[in-house]
Amino acid sequence: MARLDQVLIRAQQALGPDGADVGNIQSGRALTLYHLDRWPEGIAASREAIRIIDARLGRASSDAIFARGLLADVLFQDGKIDESVRLYDETRAVVETAGTSENPLWLQFMPAYANALDRNGRGADARRLLEAADQALATRQVDPEMRGDVQFALAQRLP
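Here's what I pulled together on the structure shown here. Remember, it's a predicted structure, so these values are computed and weren't measured experimentally.

### Considering the packing of aromatic side chains
Turning to step 1, where the next piece is worked out: On inspection of all chains with the given rule, the structure shows four aromatic pairs.
Turning to step 2, where the next piece is worked out: With a centroid separation of 6.4 Å and 80 degrees between ring planes, the pair formed by Tyr34 and Trp39 is classed as edge-to-face.
Turning to step 3, where the next piece is worked out: Considering the side-chain rings of Phe66 and Phe109, the 6.2 Å spacing of their centres and the 50 degrees angle between planes classify their relative orientation as tilted. Here Phe66, found in helix α4 (residues 62-77), pairs with Phe109, found in the loop between α6 (104-107) and α7 (110-119); they are 43 residues apart in sequence, far enough to count as distant.
Turning to step 4, where the next piece is worked out: The structure contains a cluster of three or more aromatic residues connected by ring pairs, namely Tyr88, Trp106 and Tyr113.

What follows is the structure, encoded as structure tokens:
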């Protein structure tokens, strides 16, 4: 963590406080903070990463999709279901508008998104989402574990 903090400071000095790489470093810091169970700090770092990445690379960039999916998953795990679903829904709208809804980076979050939808009373939406993700992954060269996760999540929802 100390090394990441040093890298962040150096990047801010070299690139300015809102440099694109600064956003990605913040995203990496967030992930590390979550692994260290420092969730409030991680959530703050995720929000800062999203702000910077959106401004520099756009909301539909792979970096923005990852940062949003990570934060939405953490919010779900932290019991902030409505906020998690809202962030997933916003991200889904962005990727659909950009035509990147079959991006494997986005599709990896489908089991977690489906769990959030289930807890939010939108089980039918969760199942449709997983069915579409499974179909999209069937035509892509992806890590088989990713498709397996989607298929397992879908199988859990079948009668």
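### Some details on helix α5 (residues 81-98)
Turning to step 1, where the next piece is worked out: For α5, built from 18 residues, the straight-helix expectation of 26 Å at 1.5 Å per residue is met to within 8% by its first-to-last C-alpha distance of 26 Å.
Turning to step 2, where the next piece is worked out: Along α5, the positions that sit buried rather than exposed are Ile81, Ser84, Val85, Leu87, Tyr88, Thr91, Val94 and Val95.
Turning to step 3, where the next piece is worked out: At its buried positions, α5 is contacted by α4, α6 and α7.

Basis of the calculations
Residues numbered from 1 in each chain as written. Predicted model: local features only at pLDDT ≥ 70, side-chain atom pairs only at ≥ 80, totals over all residues. Heavy atoms only, no water. Phe/Tyr/Trp six-rings, centres within 6.5 Å; stacked < 30°, edge-to-face > 60°. Helix = DSSP H or I, 4+ residues; strand = E, 2+ residues; numbered from the N terminus. Expected span 1.5 Å × (residues − 1). Buried < 20%, exposed > 50% of the residue type's maximum accessible area, 1.4 Å probe, protein only. Contact = heavy atoms within 4.5 Å.

Read these as spatial facts, not as claims about activity.
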